[in-house]
Amino acid sequence: MKQVVKRPASLTEKPFHFCPGCHHGIVHRLVAEALDFFNLREKTIGVASVGCSVFLYDYFAVDVIEAPHGRASAVATGTKRVLKDQIVFTYQGDGDLAAIGTAEIIHAANRGENITVIFVNNSIYGMTGGQMAPTTMLGQRSTTTPYGRDYHRDGYPIKMTEMLAALEGPSLVARVAVDKPANVKKARKIIRQAFQMQVEDKGFSFVEVLSACPTNWGMTPQEATKRVSDEMIPYFPLGVLKQKDVVDVL
Amino acid sequence: MSKKDKVFSVKIRRDYCKGCGLCVEFCKQGVLETSPNLNSMGYYYADPVKPENCIGCMVCTLVCPDLAVEVYSE
Amino acid sequence: MTALKKVFLKGNEAIALAAINAGCHYYFGYPITPQNEIPEYMAKHLPEVGGEFLQAESEIASINMMLGAAATGVRVMTSSSGPGISLMQEGFSYIAGNELPGVVVNMSRQGPGLGGINATQGDYFQAVKGGGHGDYHLIVLAPHTGQELYDLTIKAFELSEKYRCLTMLLGDAVLGQIKEPINPWKPEITAGDPDRDWLITGAKGRQPRLIKSLFLADGEMEKHNWRLQEKYRQMTANDVMVETRFIEDARLVLVAFGSMARIAKTAIDQAREEGMKVGLIRPITLYPFPAASFKNLSESVSRVLTCEMNTGQMVEDVRLSIDSNIPVDFYGRPGGSVPTPEEIFDRLQQAYAEVEQ
C-alpha cells in the first residue's frame, strides 16, 4: 500500500497545538505543500506573527523569525532586502495584520515587496481569548462585544483584500476559504500561485484565508465551518482580486 | 489501472486526531465515524469503520486540520 | 585599519560615512529633524557600494526592517530623534530579547512631546535604562566631537556584534549639525561572534533556526534573562569607555557627556588657567556606566558637579556610583536651552568656593 498524499516535508512531525477544528492546521498544510511543490524548504524564511500562529516555528521545518505584533511584513521586508534569492513569507492573523499591523502591511504591499503574505481571517482574536477583531462580523458576539459588534461603536469588518487590491504595488491579491473540500483545493492552488509569484520575482503576493475558530465562536467545528460558508463568504467574497502578469520594471 | 479499480484504505494517526469530526462530516462514503474511545490526548478520535467504502476522493485529508488522516492505495 | 583622505563633514554625515566604511550596507529609516542628513547620505551613497537604502513608513517599520535584516547577519543601521526613538522602543525590546546586533542613532531633540529640534540631553534615561518593556539594556555611546562620532560609529557595530545587542549613539542637534574636519578610516571587518550559528539564511543542509523572544516553557524565560544579564555584566567588566582630564589633583570634578562635555571642557580650561583645581569625567559609554571611575576618585576630590542639558538624569547614576559621602551637585537646563561655557564656568566657581571653605 502506498500513501496517496504524504505529510509535507516542509512540516515537522510535531502535532499542532491548535484547538479541535481550528483551520490554522489546514492553512499550515497548504503553505507547506506550496513550499514542497517548488522545493523551497531549504531556502525559505518564515516570519511568525503574534497570536495563535506564533508557534509557526514548531511546525515548519524552515528558518523562522518571530516578529513583534503586527510587524511581520516590516521584518520580512528587512530580511528579503538582504536575502533576495531566498523565499520570505509572513503568516499573520486578523488582529496582527488588520489592526495593529495595518500600516506595515499596506506599505509592504504598496512597495511591491517580493514577499508572500498569508493572512488568516477567522474574525476573532484567538490567542487572547475571543475579543473583537477588525474582521469580526456585525452582530458577532465576542468577549469585548458581548452584545454583538455594532457599527455605530466599532465600525465595520475590514476588507483587507479589497483595500490591498486597490494599490498599484501588489502583484497577486486573493481571498480564499478552507470551509469545504472544494474551497480547500482552490486555496491550495492560489497559495501555490502566491509562492510562484515570489519565485519568479514578480513581487508582492497576498492571500487572505477565511477560516474558523470554533472555540472562540462557541461552536462545534461543524457549525463553525458552516458559519464560514454562510456568514463570512457572503461578506468577504472569494476570488483573485488582482493579478499582474507583467511586473513593472523601473 | 484506473482510479475506479484501485483499492483504497484510510488510516488515522490516532495521536494527531483531536476528534473535530470534520472528516466524518465530509466523507460521503461513510468510511469514518467518531470512536467512542479516547486517544492519549483525551479526544474521541476518528475511526475508519468502513475502510472498504473508500473511493480515494481525499476529501478527508483536505479538511483534516491536523494531518491525522492518511489514505493509501494499492 | 586603513586611513582615508581627510574630509569636512556635518556630524550626521560623519556617522553615515563611518557606517558605510564599517561595512554597513543596509539602512532603514524615517525622516525626522535633526538627523535627516543620515538617511539622505545613505540614500545617495549606499547604492554606490551595492547596498540598500529604504525609507520606511514609520520608525516602527524601520526598526522592524532592521530586525529582519539583522537576523541575516549583515551590518544594519537606523537613525532617528526623540519621537521616532520612542516609537522604536517596541523594536528595541524585541531585538534585545532576540539577541540581534544593530546600530541605532538618536540625534535627540527636546521634549516632551513634539518639543523642539535644538540640542538637549533629555533622552538619557530612555537610552540607558532600557526604554522598552522588559529587563534589558542597549549599549549607549555618547560622542562629543565629529571625529568621535565617526570613530564610535565603527565601535558601535563592533560592540553590537560582540554582544549581539543594539548599540545606540546618543547625540543631539549640536553634534549632528556642526561641520568639522574628520579623518576617516576603514576598520578590519571581523564578525564579533565567530560561530555565527544563529544566522537566518534558509535551512540549507542544516537544522532550521529560529530567532525568537517568546519563552513559555517552565524556567526558560528566567534562564534567558540571566543570560542577558551576564552579557551586561561582561560589557561592564570589559567595554566601559570614559575620558578623564586633570583628575589626579582635582578638588572638584565636573561630570558631563556629549555636547555638554564639550562646553564643560572650555569652562574647565578657563578654570585651570585661573588656578582652580578642577577635573573632568566624561562618560563615553553611558551604558555600561563608568561607575569605577567614581569609586576610585582621588583623595583630593571633595566635591562633584554634574552638568547636563536636562533637569538631572545622569546625576542619578553618578550618585549611585560614588561610594563615599562626597557631595554631588547638579546643574542643568531643560530642553529649550543650551548653556554657554561662561555659565558653566560660573557654576564651577560657585562649587569651587564651597570646596575651598
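Residues numbered from 1 in each chain as written. Chains lettered and ligands numbered in written order. Predicted model: local features only at pLDDT ≥ 70, side-chain atom pairs only at ≥ 80, totals over all residues. Heavy atoms only, no water.

### Side note on the interface of chain A and chain B
- Taken together, the contact pairs 31 residues of chain A with 26 residues of chain B.
- The junction of chain A with chain B conceals about 2,300 Å² of combined surface from both sides, 64% of it contributed by carbon and sulfur atoms.
- The salt bridge partner of B:Arg13 is A:Glu13, with a shortest N-O separation of 2.9 Å.
- Among the elements that take part in the side of chain A that touches chain B, helix α8 (residues 181-199) of chain A stands out by supplying 4 residues, more than any other.
- The residue makeup of the side of chain A that touches chain B, split by class, is 15 nonpolar, 7 polar and 9 charged.
- Pairing of strand β1 (residues 2-3) of chain A with strand β4 (residues 69-73) of chain B, which is carried by 2 bridges, proceeds in the antiparallel orientation. From the neighbouring strand, A:Lys2 faces β4(B), where its bridge partner is B:Ser73. (Contact = heavy atoms within 4.5 Å. Buried area = accessible area lost by both parts, 1.4 Å probe. Salt bridge = Lys/Arg side-chain N within 4 Å of Asp/Glu carboxyl O. Helix = DSSP H or I, 4+ residues; strand = E, 2+ residues; numbered from the N terminus. Nonpolar A, V, L, I, M, F, W, Y, C, P; charged D, E, K, R; others polar. Pairing = 2+ DSSP bridges.)

### What about the pairing of strand β6 (residues 102-108) of chain C?
Residue and element names in this part refer to chain C.
- Across the 7 residues of β6, 7 count as buried, placing the element largely inside the fold.
- Between the parallel pair strand β5 (residues 76-80) and β6, the chain is carried across by helix α4 (residues 82-98), and the sense of this crossover is right-handed.
- Across 7 bridges, β6 lies against strand β8 (residues 166-172) in parallel orientation. In the sheet register, Asn-106 faces β8, and the bridge partner there is Leu-170. (Buried < 20%, exposed > 50% of the residue type's maximum accessible area, 1.4 Å probe, protein only. Right-handed = clockwise from strand over helix to strand, strands pointing away.)

### Examining the interface of chain C and chain A
- Contact with chain C, which involves 36 residues of that partner, is made by 33 residues of chain A.
- Buried area between chain C and chain A, both sides added, is near 2,600 Å², and the carbon and sulfur share of it is 60%.
- Connecting chain C to chain A are 6 salt bridges.
- With its nearest N and O atoms 2.6 Å apart, the salt bridge here joins C:Arg206 to A:Asp63.
- The tally of links from chain C across to chain A stands at 18 residue pairs in polar contact (both at pLDDT 80 or more).
- Elements represented by at least two residues in the side of chain C that touches chain A include exactly β3 (26-29), β4 (52-55), α3 (59-70), α4 and β11 (210-211) of chain C.
- If one sorts the elements of the side of chain C that touches chain A by residue count, α3(C) sits on top with 7 residues.
- Here the residues of the side of chain C that touches chain A are counted per class, giving 19 nonpolar, 10 polar and 7 charged.
- Relative to β11(C), strand β3 (residues 63-66) of chain A runs parallel, the two being bridged by 2 bridges. Looking at the pairing, A:Val64 lines up with C:Leu210 of β11(C). (Polar contact = N/O pair within 3.5 Å; in protein donor to acceptor, adjacent residues only side chain to side chain.)

### A closer look at the sheet that holds β4(B)
- The strand order across the open sheet built from 3 strands is β1(A)-β4(B)-β1(B), with neighbouring strands paired in antiparallel fashion. Only two strands of the sheet have a single neighbouring strand rather than two, namely β1 of chain A together with β1 (8-12) of chain B.

### Looking at the packing of aromatic side chains
- In the structure shown here, the tally under the stated rule is 17 aromatic pairs over all chains.
- Both rings, one in A:Phe89 and one in A:Phe195, keep their centres 5.7 Å apart while their planes meet at 75°; by these two values the pair is edge-to-face. Of this pair, A:Phe89 sits in strand β4 (residues 87-93) while A:Phe195 sits in helix α8; the two residues are 106 residues apart in sequence, bridging distant segments of the chain. This pair shows no difference in class: A:Phe89 is buried, exactly as A:Phe195 is.
- Pairing C:Tyr124 with C:Phe257 gives two aromatic rings, centres 5.6 Å apart and planes at 45°, and the pair type is tilted. Of this pair, C:Tyr124 sits in helix α5 (residues 124-128) while C:Phe257 is found in the loop between β13 (252-255) and α9 (258-273), placing the two residues 133 residues apart along the sequence.
- Given a relative accessible area of 2%, C:Phe257 falls into the buried group. (Phe/Tyr/Trp six-rings, centres within 6.5 Å; stacked < 30°, edge-to-face > 60°.)

### Quick word on the nonpolar core
- By size, the foremost hydrophobic cluster in this structure holds 119 residues, and its most contacted members are A:Phe206, C:Met77, C:Phe92 and C:Val304.
- Here this core takes 8 residues from helix α6 (residues 146-163) of chain C, the largest share from any one element.
- Among all residues touching C:Val304, those that are not within four sequence positions of it are C:Leu252, C:Val253, C:Val255, C:Leu297, C:Val318, C:Ile322, C:Ile326, C:Pro327, C:Val328 and C:Asp329.
- One finds A:Leu30, A:Val120, A:Val184 and A:Val209 within the second-largest nonpolar core, a separate group that totals 41 residues. (Core = buried A, V, L, I, M, F, W, Y, C linked by side-chain atoms within 4.5 Å.)

### Focus on unusual backbone geometry
- The peptide bond linking C:Thr33 to C:Pro34 adopts the cis configuration, its omega dihedral lying at 10°.
- In this structure, C:Pro288 follows C:Tyr287 across a cis peptide bond, with omega equal to -5°.
- With respect to the secondary-structure elements, C:Pro288 resides in the loop between β15 (285-287) and α10 (291-295).
- In the Ramachandran plot, A:Asn39 falls in the positive-phi region, its phi being about 55° despite a non-glycine side chain.
- Its location among the elements puts A:Asn39 in the loop between α1 (24-37) and β2 (44-48).
- Judged by its relative accessible area of 66%, A:Asn39 is exposed.
- Here the phi dihedral of B:Met58 falls at roughly 70°; this positive angle occurs in a residue that is not glycine.
- Looking at the element boundaries, B:Met58 is found in the loop between β3 (44-48) and α2 (59-63).

### Observations concerning the sheet that holds strand β14 (residues 278-283) of chain C
Residue and element names in this part refer to chain C.
- Read from one edge of the open sheet, 5 strands run β12-β14-β13-β16-β17, paired in mixed fashion. Looking at which strands have only one partner, the edges of the open sheet turn out to be β12 (242-245) and β17 (328-332). Neighbour to neighbour, the strand axes of the sheet diverge by 20° on average, direction disregarded.
- In the sheet, β13 pairs with strand β16 (residues 303-308) via 4 bridges, with the strands oriented parallel. The partner of Val-253 across the bridge, within β16, is Val-304. (Axes fitted to C-alpha atoms, helices over the stretch in contact; angles between N-to-C directions.)

### Details of the pairing of β17(C)
Residues and elements named next belong to chain C.
- Across 5 bridges, the pairing between β16 and β17 is parallel. Residue pairing for β17: Glu-308 is matched across the bridge by Gly-332.
- This β-α-β element, β16 to helix α11 (residues 314-321) to β17, shows right-handed connectivity.

### Notes on the state of the cysteines
- Enumeration over the complete set of coordinates arrives at 0 disulfides over all chains.
- Cysteine B:Cys27 is unpaired, with the sulfur of B:Cys57 as its nearest cysteine sulfur at 6.2 Å.
- Sulfur of C:Cys24: no disulfide; nearest cysteine sulfur belongs to C:Cys165 and is 16 Å away. (Disulfide = S-S within 2.5 Å.)

### Some points on α9(C)
All names here are of chain C.
- Taking 1.5 Å per residue, 16 residues should reach 22 Å; α9 reaches 23 Å between its end C-alpha atoms and fits that length.
- Within α9, burial applies to Gly-258, Ser-259, Met-260, Ala-261, Ile-263, Ala-264, Lys-265, Ala-267, Ile-268 and Ala-271.
- Looking one or two residues beyond α9, the residue adopting positive phi is Gly-275, at roughly 85°. (Expected span 1.5 Å × (residues − 1).)

### Observations concerning a nonpolar patch on the surface
Residues and elements named next belong to chain A.
- On the surface, Leu-138, Tyr-151 and Tyr-156 cluster together into a nonpolar patch covering about 310 Å² of accessible area.
- Following the sequence through the fold, Tyr-151 ends up in helix α6 (residues 151-154).
- With a relative accessible area of 39%, Tyr-151 lands in the partly exposed category. (Patch = residues over 30% accessible without salt bridge, like charges linked within 9 Å, V, L, I, M, F, W, Y side chains within 5 Å. Areas by Shrake-Rupley, 256 points an atom, 1.4 Å probe, with all protein chains shown as cover.)

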